[in-house]
Every structure is written in C-alpha cells, then in structure tokens.
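The lines below spell out each chain.
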Amino acid sequence: MSRSAHPAGPRHGDVLPEGHYTPPPTDLNSLDPRVWAHTVERTAEGSVAVGGLDVREIAAEFGTPAYVMDEADFRARCRAWRDAFGPDADVFYAGKAFLSRAVVRWLCEEGLNLDVCSGGELATALAAGMPAERIALHGNNKSADEITRAVEAGVGRIVLDSFQEIARVAHIAQRLGRRQPVQIRVTVGVEAHTHEFIATAHEDQKFGLALAGGQAAEAVRRVLMLDSLELTGIHSHIGSQIFDMAGFEVSARRVVGLLTQIRDEHGIELPEIDLGGGLGIAYTPEDDPREPHEIAKSLGDIVTRECEAAGLAVPRLSVEPGRAIVGPTAFTLYEVGTLKELEGLRTYVSVDGGMSDNIRTALYDAEYSVALVSRSSEAEPMLSRVVGKHCESGDIVVRDAFLPSDLAPGDLLAVPATGAYCRSMASNYNHALRPPVVAVRDGQARTIVRRETEEDLLRLDVG
Ligand SMILES: Cc1ncc(COP(=O)(O)O)c(C=O)c1O
Ligand SMILES: N[C@@H](CCCC[NH3+])C(=O)O
C-alpha cells in the first residue's frame, strides 16, 4: 500500500486518538533549544549538525543506532554547576546516569567529583584517573568486595544506607587499618512529585534510614561509637526528574534538623550535608527545568537560613546531579526501517533500536520528542509513534510525536535528551547489540564507548 500524505490530519482542533501529544509544532524542522544539546543546529542543506558535524556523516561513519554526545555541552553544563555552587560546595556527578572513562576525564578537568554506586562504576572512575578522595560510594547493598576496594582506594566518602552496612564498613576499615569518612543516607519523608519508581525519600522503600521513628538518629549513635568510621555528614536524595524545588527545601530543612539534634545529643557539629541529585530536564518543550544557579541559590539560602536559626555553623554542601548534566547533551540517532499507517489512528515508525537502548518509555511512561534530521521537510505533520525492533508491543521509544508525512525508510531520526539513563540502562534484549556513544566536538567525532558486536555476545556465552 502506498502511503498517502497523512489522511488523519492532524491539525489543531482535530479529535485525536488517546495520547500525550501536544498540538503539532508549526514548523517540524525547528529544533527547540530546551531539548537539544547546545551545538545542535540545522545546516544550510536542511540536515542537522552537532559540534559542527552533519548527522549523515556520523551515521555513515559510526552506524545507527548511536548515542551522539555533544562534548562541549557536557563540559559547559559541568562548569555551570561548578560555578553556580562555588568553592564552598562540591558537585558530585552521578555516574549511574552515564559513565565512561572519557566522561571521568572531562569531570576531572572541569573540577567535579563523582558519585559511583557499584564496583564497576568505581573501577571505571579509578581507571580513568579520578582521584579517590573525590569519589563517593553509594548503594543500598554494597558487597564486601565493593566496600573493600573503595576503602583500599581511599574514597573520600562512603554513604551508609543500613544498619548492617555500618557494621560492615567499620569492620572492613578496621581490618585495613583505615578511618573511613562516611555519611549516613536518611529518608526525610518527602513525597517527591515524580514517577513512583524514581521517588526515593518516602519511608516505604529500600533506600536509607528514616528520620521518622528515629532510625537515622540511631544510625548516628552507632557510627559515632566506631573508631574506624569518621562521620562527616548526612545525605538525602529525594528522587529523580524533579522540577519543584519544594521537596528539596523540606529535605534541607529536615537534614539540618537532624544536625541540630546531633549537636544537642552528642555535642558535635557535622561538617557536611549532601542533598543528592534528582533535578529534572526537558524531554519535551513543555518541561521547564530550573537552571543550576537557581538551584544553588535556593538550596544555599535554605541551608544557611536553617543553620543560622539553629545556631549551627553552615556545613559544606554537596549535590549529585546526573541527569541534569548529561541528559540534554546527547541524542540517539536512528534510521527509519518500516512504516505502518493506521488510518485515523497514527503511523508506526519503526527504527533500528528500541527498548534495548531506551527503556525509559516502557519503564516510566517517559515522554520524548523526535525530529527528522537527515533532511528538512515541508510535508504535513503526521501523528506518529516511534517504535523499536524488539518482539514486544510495548517497545516504544516516542509514544506520540509529529513527524513529516513524507517520512521514508532510510531517513534518520534523532531523539534528544537521551544522555542519561539510556546507554547506562541499555540491555541486550533479543541479543541486540548495545549502541556506541560517539562524542562530537569542534567538527571531530570519536567513539567513547564502542558498539557491541556479535562476538562480544558469543564470548559471554561459554557454551
Ligand atoms: C543517591 C543518588 N544520587 C544522585 C542520583 C542522581 O539522580 P539524577 O540523575 O536524577 O540527578 C541518584 C539517582 O536518582 C541517586 O540515587
Ligand atoms: N533511572 C531512572 C532514575 C533513577 C535514578 C537513579 N537513582 C531514570 O531513568 O529516570
């Protein structure tokens, strides 16, 4: 069947099938700077370039699907966070969002610290030369091996997540003859306004020690009794993809409340607090994230105010943004393979990746935007669903989007804001080969994480 110029419209005012979409943009060729990396632009030929390099050249050299990362943008966002928080605070990039050796080197050069949450992330950080004292180790079930490697390496901070872990880290540090700096992760009882699966400060979940009911205060007592642990501060992380600063403010207030309680009970003032990460980014132009300087001011003000009211010296603040730094810096480049038009409904546009390179849509009902990037088009908008090639009907990359109705196999699409939690959560479902990460800067592209090969898969399968 030949594809007509989208019969269902859609135009403003049309009754559209159920979905999350907003009205079609007036110009499908425009690239909203809220969702695209800084250096992304349309070329005179109508295609899209990043870091001065045409996506058609990137696809030809590196293949698709590929994550394409704007290195200058990544570095600029690191600097924006660093500058916003200033010399009296520390910014720990959350490596779970995306980590590679190149990223670690960029972080070192831009003056950021690093939060790791597994032995693998720790190994990557150390292999790339991140000084151990600038690393924080997280996790609700760190293994004895992970703890041992972290203490041996001399990480600057281990964030304790449970009573068992207090004893475990103390024992390992004692055996190694070290006094390990630690923070205690507390759950402050905030209901962060985000997807249930990524909210982490309400009490009924696996992370942290609750302030309510006194678990956190009891953890402080236990840590203070152990010579091999040096309690430096309190940590709180309320969730992820959060826009509303109110949750952070409540969290800061409650953490300072605990510092006050510690001062009153033990006569000591802890020198650090960490308010975690979780700042949201724009996945579609409707999202309106806060800028680092607003976030820094808002957190700094509340901590200072609360400490002054309690008569405490203002502790050194740290934060752990992951998504807010790396998320907007990359897009996923796909090639269109097949199109299936359903009259009056939508057109299914199948690309050469899917839920194996972006699980967020299936997992969190996340919304993304998408654009035709190998050329421009003046064709009518076509209500589309961008889907992958996996054997799963929930294999959706972009649930509702408008693409030009002359879209054809071989066209390149790009889904912006896929720098965070896409490559790091990628899978081999259906023996898919995880795509490369290609970093682009000043007209040069290089692979920083290579594409998996079938040999890689066969090497794991030992027969
Ligand atoms: C303890 C901790 N810190 C930082 C982060 C980073 O979060 P985000 O990438 O949303 O900034 C997470 C993940 O939610 C986390 O669990
Ligand atoms: N992976 C999640 C967020 C969890 C962040 C780590 N605590 C996401 O893609 O949004």
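Conventions we followed
Residues numbered from 1 in each chain as written. Chains lettered and ligands numbered in written order. Predicted model: local features only at pLDDT ≥ 70, side-chain atom pairs only at ≥ 80, totals over all residues. Heavy atoms only, no water. Helix = DSSP H or I, 4+ residues; strand = E, 2+ residues; numbered from the N terminus. Rg over C-alpha atoms; globule rule 2.2 N^0.38 Å. Buried < 20%, exposed > 50% of the residue type's maximum accessible area, 1.4 Å probe, protein only. Contact = heavy atoms within 4.5 Å. Areas by Shrake-Rupley, 256 points an atom, 1.4 Å probe, with all protein chains shown as cover. Core = buried A, V, L, I, M, F, W, Y, C linked by side-chain atoms within 4.5 Å. Pairing = 2+ DSSP bridges. Near = heavy atom within 4 Å. Polar contact = N/O pair within 3.5 Å; in protein donor to acceptor, adjacent residues only side chain to side chain. Nonpolar A, V, L, I, M, F, W, Y, C, P; charged D, E, K, R; others polar. Right-handed = clockwise from strand over helix to strand, strands pointing away. Axes fitted to C-alpha atoms, helices over the stretch in contact; angles between N-to-C directions. Parallel < 35°, antiparallel > 145°, perpendicular 65-115°, else oblique. Left-handed = near helix turned anticlockwise from the far one by under 90°.

*Asks:* Help me understand the overall build of the protein in this model?
*Replies:* Summing up its helical and strand segments, the protein has twelve helices and 21 strands in all. Expected size for 463 residues packed as a compact globule is a radius of gyration near 23 Å; at 24 Å, the protein falls within 12% of this value. Taken over the C-alpha atoms alone, the protein extends approximately 75 × 55 × 40 Å along its principal axes. For the protein, the proportion of its 463 residues judged to be buried stands at 56%. Pairs at least 24 apart in sequence give 71% of the contacts found in the protein among residues at least 6 apart. Counting only carbon and sulfur atoms, one obtains 49% of the accessible surface of the protein, whose full area is about 19000 Å².

*Asks:* Sorry if this is basic, but what is going on with the nonpolar core here?
*Replies:* Within soluble globular proteins, side chains that are nonpolar generally end up buried alongside one another. Phe85, Tyr93, Ile158, Ile234 and Leu413 are the most contacted members of the largest nonpolar core, which has 106 residues in total. The element contributing the most residues to this core is helix α8 (residues 246-266), with seven residues. Setting aside residues up to four positions removed in sequence, phenylalanine 85 forms contacts with Val91, Pro292, Ile295, Ala296, Leu299, Leu317 and Val319. Core analysis: the next-biggest nonpolar cluster, separate from the first, contains 22 residues, Val50, Leu53, Ala282 and Val440 among them.

*Asks:* It is not clear to me how the sheet that holds strand β1 (residues 41-42) should be interpreted in this structure. Could you clarify?
*Replies:* Paired through backbone hydrogen bonds, the strands of a sheet run either parallel or antiparallel to each other. The strand order across the open sheet built from three strands is β1-β2-β3, with neighbouring strands paired in antiparallel fashion. If you trace the sheet from one side to the other, it starts and ends with β1 and β3 (53-54), each paired once. In terms of strand pairing, strand β2 (residues 48-50) meets β3 through two bridges, oriented antiparallel. Counted as the bridge partner of alanine 49 is aspartate 54 from β3.

*Asks:* For this particular structure, what's the right way to read the site of ligand 1?
*Replies:* Residues in contact with ligand 1 amount to 15 residues; listed here are only the nearest, His237, Ser240, Gly278, Glu320 and Tyr421. Serine 240 is positioned with one of its side-chain polar atoms (N or O) 2.3 Å from an oxygen atom of ligand 1. Glycine 278 is positioned with one of its backbone polar atoms (N or O) 2.8 Å from an oxygen atom of ligand 1. Protein chains bury 93% of the 390 Å² of accessible surface belonging to ligand 1 in isolation. Classifying every residue of the shell around ligand 1 by side-chain character gives three nonpolar, seven polar and five charged.

*Asks:* Is there a simple way to explain the environment of aspartate 400 in this structure?
*Replies:* Structurally, aspartate 400 is set in strand β18 (residues 396-404). For aspartate 400, a relative accessible area of 10% puts it in the buried group. For the pair aspartate 400 and valine 386, spaced 14 residues apart in sequence, the C-alpha to C-alpha distance is 7.7 Å. Here arginine 346 takes part through its side chain, which lies 3.0 Å from a polar atom of the side chain of aspartate 400. A distance of 3.5 Å separates the side chain of aspartate 400 from the side chain of arginine 385, its partner in a polar contact.

*Asks:* I keep staring at the pairing of strand β13 (residues 316-319) and nothing clicks. Help me out?
*Replies:* Residues in a regular strand project their side chains so that they alternate between the two faces of the sheet. Note that strand β5 (residues 89-94) and β13 share three bridges and pair parallel. Each residue of the ladder has a partner; that of aspartate 90, found in β13, is serine 318. In the sheet, strand β12 (residues 272-274) pairs with β13 via three bridges, with the strands oriented parallel. By the bridge assignment for β13, isoleucine 273 is matched with leucine 317. Between the parallel pair β12 and β13, the chain is carried across by helix α9 (residues 292-310), and the sense of this crossover is right-handed.

*Asks:* So what exactly am I meant to see when it comes to the packing of helix α5 (residues 144-153) against helix α6 (residues 163-175) here?
*Replies:* Packed helix pairs are specified by the crossing angle of their axes together with the interaxial distance, meaning the distance between the axes. At a minimum axis distance of 10 Å, the contact between α5 and α6 shows a crossing angle of 50°. In terms of their interaxial angle, α5 and α6 are classed as oblique. Once α5 is placed against α6, the crossing between them reads as right-handed. Mapping the contact onto sequence places Ala144, Ile147, Thr148 and Val151 in α5 and Arg168, Val169, Ile172, Ala173 and Arg175 in α6. In terms of residue class, the contact of α5 with α6 is made up of six nonpolar, one polar and two charged.

*Asks:* I would appreciate a short explanation of the packing of helix α4 (residues 119-127) against α5 in the present structure.
*Replies:* Relative to each other, α4 and α5 sit at 25°, their axes nearing to 10 Å. Judged by the angle between their axes, α4 and α5 are roughly parallel. Here α4 and α5 pass one another in a crossing that is left-handed. Within the contact between the two elements, α4 uses Gly119, Leu122, Ala123 and Leu126 and α5 uses Glu146, Arg149, Ala150 and Ala153. For the contact of α4 with α5, the per-class residue count stands at five nonpolar, one polar and two charged.

*Asks:* Teacher, can you tell me more about the site of ligand 2 here?
*Replies:* Arg323, Arg360, Tyr364, Tyr421 and Met425 are the nearest of the eight residues found near ligand 2. Separating an oxygen atom of ligand 2 from a side-chain N or O atom of arginine 360 is a distance of 2.6 Å. Between ligand 2 and the protein, one listed contact pairs a nitrogen atom with a side-chain N or O atom of tyrosine 364 at 3.0 Å. With the chains in place, 82% of the 310 Å² that ligand 2 exposes on its own is no longer accessible.

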